[in-house]
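# Overview (structure and organization)
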Amino acid sequence: MAESAESDVVVVGAGPAGCAVACHLRAAGLAVTVLEKAVFPREKVCGDGLTPRAVRELDLLGLDFSSWKRNVGLRIWAGRPYPYLLPWPELKDFPPLGLTRRRADLDQSLADHALGLGATVLQGVAVTGPILDASGRVIGVRAKDGRRFLAPVTVAADGGSARLALALGLERRPDRPLGVAVRAYFQSPRSDEDWIESWLELWDGPPGRSHLLPGYGWVFPLGDGRCNVGLGLTDTSPAFGRTDYRQLLRRWLASTPPQWGFTPDGQEGEIGSGALPLGFNRPPEYSRGLVLVGDAAGLVSPFNGEGVSYALESGRLAAGHIADALAAGAGSAAAERALAAYPRSLRARWGRHFQLGNGFLRLIGRPEIMRLSSRWLLPLPGVATLVHRALANLTDQRPGDVYDYLIHALRRLTPSA
Ligand SMILES: Cc1cc2nc3c(=O)[nH]c(=O)nc-3n(C[C@H](O)[C@H](O)[C@H](O)COP(=O)(O)OP(=O)(O)OC[C@H]3O[C@@H](n4cnc5c(N)ncnc54)[C@H](O)[C@@H]3O)c2cc1C
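Just so we're clear, the structure is a prediction, and the values are computed from it rather than from any experiment.

Definitions and limits used
Residues numbered from 1 in each chain as written. Predicted model: local features only at pLDDT ≥ 70, side-chain atom pairs only at ≥ 80, totals over all residues. Heavy atoms only, no water. Domains from an automatic or database assignment. Contact = heavy atoms within 4.5 Å. Buried area = accessible area lost by both parts, 1.4 Å probe. Salt bridge = Lys/Arg side-chain N within 4 Å of Asp/Glu carboxyl O. Helix = DSSP H or I, 4+ residues; strand = E, 2+ residues; numbered from the N terminus. Buried < 20%, exposed > 50% of the residue type's maximum accessible area, 1.4 Å probe, protein only. Near = heavy atom within 4 Å. Polar contact = N/O pair within 3.5 Å; in protein donor to acceptor, adjacent residues only side chain to side chain. Areas by Shrake-Rupley, 256 points an atom, 1.4 Å probe, with all protein chains shown as cover. Core = buried A, V, L, I, M, F, W, Y, C linked by side-chain atoms within 4.5 Å. Pairing = 2+ DSSP bridges. Axes fitted to C-alpha atoms, helices over the stretch in contact; angles between N-to-C directions. Right-handed = clockwise from strand over helix to strand, strands pointing away.

Domain boundaries assigned for the protein yield domain 1 (4–69 + 100–174 + 279–351), domain 2 (178–277) and domain 3 (356–412). Between domain 1 and domain 2, the C-alpha centre-to-centre distance is 30 Å. Taken together, the contact pairs 20 residues of domain 1 with 21 residues of domain 2. Of the roughly 1400 Å² buried between domain 1 and domain 2 on both sides combined, carbon and sulfur atoms contribute 57%.

Before going further, it helps to spend a moment on the pattern of salt bridges. Tallying each qualifying case throughout the model produces 25 salt bridges. The partner of Asp-194 in a salt bridge is Lys-69, with the nearest N and O atoms 3.5 Å apart. A residue pair is termed long-range when its members are at least 10 positions apart, and Asp-194 in the loop between strand 14 (178–187) and strand 15 (195–199) and Lys-69 in strand 5 (residues 69–71) qualify at 125 residues. Looking at Asp-194, the relative accessible area reads 43%, which means it is partly exposed. For Lys-69, a relative accessible area of 15% gives the class buried. Close ionic contact of Glu-336 with Arg-137 constitutes a salt bridge, the shortest N to O distance being 3.1 Å.

The residue Ala-17 is located in helix 1 (residues 16–27) in this model. Overall, the relative accessible area of 6% leaves Ala-17 in the buried class. Sequence separation between Ala-17 and Ser-314 is 297 residues, and the spatial gap between their C-alpha atoms is 7.0 Å. For Ala-17, the residues in contact, after removing those within four places along its chain, are Ala-157, Val-293, Gly-294, Ala-311 and Gly-315.

What follows is about the site of the ligand. With respect to spatial proximity, 36 residues lie near the ligand, and among them Glu-36, Arg-42, Gly-47, Arg-103 and Asp-295 are the closest. Contacts to the ligand include Asp-48, whose backbone N or O atom sits 3.4 Å from an oxygen atom. Within the contact set of the ligand, a nitrogen atom lies 2.9 Å away from a backbone nitrogen or oxygen of Val-127. Coverage of the ligand by the protein chains reaches 94% of its 1000 Å² of free accessible surface. Listing elements by their share of the shell around the ligand, those giving two or more residues are helix 1, strand 3 (32–36), strand 18 (216–221), strand 20 (267–277) and helix 6 (308–328).

In this section: the side chain of Arg-226. Considering the arrangement of structural elements, one finds Arg-226 in strand 19 (residues 226–234). A relative accessible area of 15% means that Arg-226 is categorised as buried. At a separation of 3.1 Å, a polar atom in the side chain of Arg-226 contacts the side chain of Glu-268. Every residue in contact with Arg-226, bar those within four places of it in the chain, is listed here: Arg-102, Tyr-185, Phe-186, Gln-187, Ser-188, Ser-191, Pro-221 and Glu-268.

With that out of the way, let us pick up the nonpolar core. Grouped together as the largest cluster of nonpolar side chains are 76 residues, with contacts concentrated most on Leu-58, Val-291 and Ile-322. In terms of residue count, the dominant contributor to this core is helix 6 (10 residues). By size, the runner-up hydrophobic cluster in this structure holds 23 residues, among which are Ile-76, Trp-88, Phe-94 and Leu-278.

In this section: the sheet that holds strand 6 (residues 73–77). Here we have 7 strands laid out as an open sheet, ordered 7-6-15-18-19-14-20, and mixed in their pairing. The outermost strands of the open sheet, each flanked by one partner alone, are strand 7 (84–87) and strand 20. Adjacent strand axes in the sheet meet at a mean angle of 20 degrees, parallel and antiparallel pairs treated alike. With 4 bridges joining them, strand 6 and strand 7 adopt antiparallel strand pairing. Across the sheet, the residue bridging to Arg-75 is Leu-85, located in strand 7. The sheet strands contacting helix 10 (residues 383–391) are strand 6 and strand 7, and the helix crosses strand 7 at an angle near 50 degrees.

Now for unusual backbone geometry. For the bond from Phe-40 to Pro-41, the omega torsion is -5 degrees, close enough to zero to count as cis. Among the structural elements, Pro-41 can be located in the loop between strand 3 and strand 4 (49–50). Looking along the chain, the bond that leaves Pro-283 and enters Pro-284 is cis, with omega of -5 degrees. Examined against the element boundaries, Pro-284 turns out to sit in the loop between strand 20 and strand 21 (286–287). Here the phi dihedral of Ala-162 falls at roughly 50 degrees; this positive angle occurs in a residue that is not glycine. Within the secondary structure, Ala-162 is located in the loop between strand 13 (153–156) and helix 4 (163–167). Ala-162 gets classed as buried once you look at its relative accessible area, which sits at 0%.

Strands sit in the order 4-8-5 across an open sheet of 3 strands; the sheet is antiparallel. Pairing within the sheet leaves two strands with one partner each, and these edge strands are strand 4 and strand 5. The sheet contact formed by strand 5 and strand 8 (residues 98–100) spans 3 bridges and is antiparallel. When the bridges of strand 8 are listed, Asn-71 appears paired with Gly-98.

Neither face of strand 2 (residues 9–12) is open: one carries Val-9 and Val-11, the other Val-10 and Val-12, and all of them are buried. Inspection of the sheet shows strand 2 paired to strand 3 by 4 bridges, in the parallel sense. In the strand pairing of strand 3, Val-11 is matched with Val-34. Handedness of the crossover is the feature at issue here: the chain leaves strand 2, passes through helix 1, returns alongside strand 3, and the resulting connection is right-handed. Alignment of strand 2 against strand 13, held across 4 bridges, turns out to be parallel. Across the sheet, residue Val-11 finds its bridge partner in strand 13, namely Val-155.

This is the structure in structure tokens:
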């Protein structure tokens with residue numbers, strides 16, 4: 001008989017989503033086992049950028065990020081020779097602060113934090129699939145080494161591969177956009193800059209006199225001598241799936257000033273790539289004892305490719321529903337109602353925002369619309385700030401200024417994802 005361990009909740013994956021759910025469940029006094037196939041510190045291909053949404057979640061977790069590289073806002077390059085400087089807004093609900101942190105370090109800190117709060121975090125344990133009872137309900141998971149981990153609730157925080165969800169037949173919704181992104185690290189004198197940077201037009205030479213490349217780029221200073229530089233594009237672009245993304249990054253970077261250091265000589269490690277599961281692409285986020293969080297639930301923002309904050313926040317939300325369910329008595333009708341309400345909570349928060357983002361992607365997938373917008377709309381007074389706030393989902397819940405009112409009004413006109 002295979003060895004079995006029991007807890008209140010089993011979490012598969014110790015990325016931001018899995019660690020957040022574990023920390024919040026521990027705060028509710030529940031016994032949590034987190035299973036992670038990798039051994040920390042492990043690389044995770046990411047832009048390493050944390051917006052004020054993510055900072056708020058780190059703060060709620062009680063993580064000490066005082067020594068991490070801070071940034072004050074977003075510098076956008078779009079259709080003119082000088083950038084838009086958009087500071088993080090002063091809001092009641094979010095701090096006016098962004099961070100950058102290599103994922104190897106961020107995820108290690110999160111896993112250590114979960115461990116410190118009393119979660120059992122087992123590294124090097126690859127989960128192969130769910131264990132089902134006779135009714136088809138998930139009652140735990142099986143690991144590659146044969147061990148079984150049993151619990152009344154299982155959380156799938158296994159990232160974009162969504163292996164557990166797929167085992168229950170939860171396929172990706174084909175009508176949701178999908179993204180892909182590539183990134184590399186460079187030794188750069190720009191590493192200490194106080195702004196993270198977004199490039200809405202990528203040229204392989206002088207702007208307007210060379211080839212306009214598909215996708216959007218970023219430069220995120222890490223404060224340790226390096227920058228994380230990358231680009232992403234979505235399947236709303238005609239180039240999606242028909243392009244060598246690494247080559248695309250090289251072509252764009254070859255056109256940047258050599259003194260920035262984004263050259264083959266300045267590069268550290270390989271160019272890494274990964275998928276961006278966007279806009280609620282794997283509903284329902286609760287099914288038969290299995291709760292989906294973060295990328296496993298397709299919770300990357302279609303607006304800006306941000307996934308860490310949504311992973312952390314969905315982890316917090318899920319933990320609340322799981323704690324309510326277990327307080328009502330595992331297996332009871334009230335417990336099932338609490339878990340079934342989780343997808344509704346997600347949609348109440350982001351359903352309209354993400355659906356607006358899904359439409360936005362379809363629009364900007366047409367390069368002529370994107371170019372017209374950045375040439376004519378963005379320079380109009382207030383538009384860049386509005387776009388910045390809307391894309392980063394930075395509004396107060398109780399509208400505080402005109403941007404909040406406009407964004408809330410736009411959302412009210414949009415159906416939920
Ligand atoms: C190139 C790129 C750049 C990006 N840039 C940014 C950015 O700058 N800011 C931002 O907010 N978001 C960014 N994202 C998105 C962000 O990386 C993800 O949204 C985020 O990692 C989601 O966190 P997660 O915890 O849901 O999943 P993950 O971080 O993928 O964690 C899943 C964990 O589960 C483990 N796991 C998987 N399968 C198993 C298994 N069978 N058994 C046990 N463990 C398993 C994995 O090893 C992993 O540790 C970027 C993505 C890409 C690809």
